[in-house]
Amino acid sequence: EGASGIDLGKLLSTTGLVTLDTGFVNTASCSSEITYIDGDAGILRYRGYPIEQLAARSNFIEVSYLLIYGELPTAAQLEDFSQKISRHTLLHEDLKRFFDGFPRDAHPMPVLSSAVSALSTFYQDSLSPFDANQVEISTIRLLAKLPTIAAYAYKKSVGQPFLYPDNSLGLVENFLRMTFGFPAEAYDLDPDLVRALDLLFILHADHEQNCSTSTVRLVGSSEANLFASISAGINALFGPLHGGANSAVLEMLEKIKADGGDVKSFVNKVKNKEDGVRLMGFGHRVYKNYDPRAAIIKKTADEILNKLGADDQLLDIAKQLEEAALSDEYFISRKLYPNVDFYTGLIYRAMGFPTKFFTVLFALGRLPGWIAHWREMINDPATKIGRPRQIYTGPTERDFIAMENR
Ligand code: ACO
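Let me begin by describing the structure that accompanies this report. None of the values given here were measured: they were computed from a predicted structure. (Residues numbered from 1 in each chain as written. Predicted model: local features only at pLDDT ≥ 70, side-chain atom pairs only at ≥ 80, totals over all residues. Heavy atoms only, no water.)

**Side note on helix α7 (residues 132-158)**
Counting along an α-helix, one turn takes 3.6 residues, and residues three or four places apart therefore face a common direction. How we decide: Numbering goes from the N terminus for both helices and strands, where a helix is a DSSP run of H or I of at least four residues and a strand is a run of E of at least two. Under the convention used throughout, the expected extent of a helix is 1.5 Å for every residue step, that is, one less than its residue count. To get the bend at a given residue, fit one axis to the seven residues ending there, fit another to the seven starting there, and take the angle between those axes. Remark: exposure states derive from per-residue accessible area (1.4 Å probe, protein chains only) relative to the maximum for the residue type, with buried under 20%, exposed over 50%, and partly exposed in between. Each polar contact in these results corresponds to two N or O atoms within 3.5 Å; when the atoms are within protein, one needs to be able to donate a hydrogen and the other to accept it, and residues that are neighboring in sequence are counted only if both atoms are side-chain atoms.
With 27 residues, α7 ought to run about 39 Å at 1.5 Å a step, and its terminal C-alpha atoms sit 39 Å apart, in line with that. At lysine 145, α7 shows its maximal bend, which comes to roughly 35°, and the proline proline 147 appears one to four places after that position. Taken across its 27 residues, α7 has 20 buried, putting it largely inside the fold. Between the side-chain oxygen at the start of α7 and the backbone nitrogen of asparagine 133 there is a gap of 2.9 Å, and the oxygen is on aspartate 131. The first or second residue beyond α7 is glycine 159, which carries a positive phi of 70°.

Below is the structure:
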């Protein structure tokens, strides 16, 4: 509504005028209290708290609570929330059998989205979008079960037996053990690795109306349940221009290495837009400055990579690419800076995750943000079913042509 008191949306629809904004570059789909981004200044805050402070002083479970419920928890609230999540980590034995049906070399993202979609069939007692208790139990079920689903997708891909969750462990510890434990008793949890993955999850936990979150809200606006909406968000995240970028960065670095490590000629290829090659992990729709998440990761990357024994040559290529790009007019004029995905792939790889699995880790981190947005959307009296308009450019009316005359 403008200063004149005129409802522009209503005016446009009643006058037959439609705005065209491909890619929603300048169209807000909702108002939200969850996450603030100033892309020019490189600022990111969850519920008002700067990402730098949350990264340094909080943990993923606490950040999840903050995003979903709007305030930092008291010690008792955090304990209760963590306990509830621990109690719901098991998958139904029938759901476990799903994993047998997928090809062993399947990409884990569609495995993840299928299993989450299937939660609607197993938990028919918590599907109502308007029953606060049902939404609450679905929230807990998702937060608890997604790490188990992700770990089983990994186990299936390497042909190892599934491990039951150990509910004496925290969320990240449990996930790492269920993923890499073989056998479970032989797996020593490394506190540095746990902390590093927890930090990466915090940095991915929300990013306002990105492609997957907007998808979750759009699907949910039809009053589809939380599981169905999150499953759609996982599929949106799968794409290489969104969550798939972290895998694409590593593939790019490996290709440059295999081609002899010639960073300059790769940068030239990108600038000349040869074969549509882009510098993956660079650029962002909203950040026209250094992505604050990338700045935090860059600070800790060296430390983590040293400890975990990363591929130094790949790290070196990444650093050379960044240096070359940050001093090149092509990237400067287009305000292309490293985004959150530029260094994460290297860290995930050093942790032992295969490249295909990186986007799953993004999904685990983004889950609380998706849930927070779905809940905000469903409780907002201003929410209407999402239904964009279009500008029709097809043929004008014409007569049907009989088959023999075509
Ligand atoms: N490498 C080279 N050139 C680029 C890149 C890049 N990574 N990103 C944008 N450009 C160029 C475009 O070619 C275009 O140039 P032009 O004006 O000469 O045609 C200009 O910069 C603007 O690019 P758009 O595509 O219009 O920017 P948009 O905001 O639509 O895209 C996106 C943002 C998708 C993130 C883009 O920068 C990109 O493809 N980056 C690589 C993929 C990636 O890292 N994605 C992760 C995003 S962050 C996340 O999901 C966590």
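**Focus on the sheet that holds strand β3 (residues 49-50)**
The condition that has to hold: Strand pairing requires that DSSP identify at least two bridges connecting the strands.
Taking strand neighbours across the sheet as the criterion, the three strands line up as β1-β2-β3 in an open arrangement whose pairing is antiparallel. Every interior strand has two partners, whereas the edge strands, β1 (35-38) and β3, have only one. With two bridges joining them, strand β2 (residues 43-46) and β3 adopt antiparallel strand pairing. Each residue of the ladder has a partner; that of tyrosine 46, found in β3, is tyrosine 49.

**Description of empty space enclosed by the protein**
This is how the line gets drawn: Here a cavity denotes grid points, spaced 1 Å and computed from the protein atoms alone, that fit a 1.4 Å probe unable to get out, and a pocket denotes an open set having protein on both sides within 12 Å along at least 5 of 7 lines; residues with an atom within 4 Å of a point are the lining. Grid points are joined across faces, edges and corners, and a volume is the space filled by probe spheres set on the points. For this classification, Asp, Glu, Lys and Arg are treated as charged, while Ala, Val, Leu, Ile, Met, Phe, Trp, Tyr, Cys and Pro are nonpolar and the rest, including Gly, are polar.
On inspection of all chains with the given rule, the structure shows three cavities of 30 Å³ or more. One number sums up the size of the largest cavity: a volume of about 70 Å³. In terms of lining, the largest cavity is formed by Phe60, Ile61, Ser64, Phe81, Ile85, Leu143, Leu146, Pro147, Leu171, Leu364, Leu367 and Pro368. Those elements giving two or more residues to the lining of the largest cavity turn out to be α3 (60-69), α4 (75-87), α7 and α18 (358-379). Class assignment of the residues belonging to the lining of the largest cavity gives a composition of 11 nonpolar, one polar and no charged. In this structure, the second largest cavity encloses a volume near 60 Å³.

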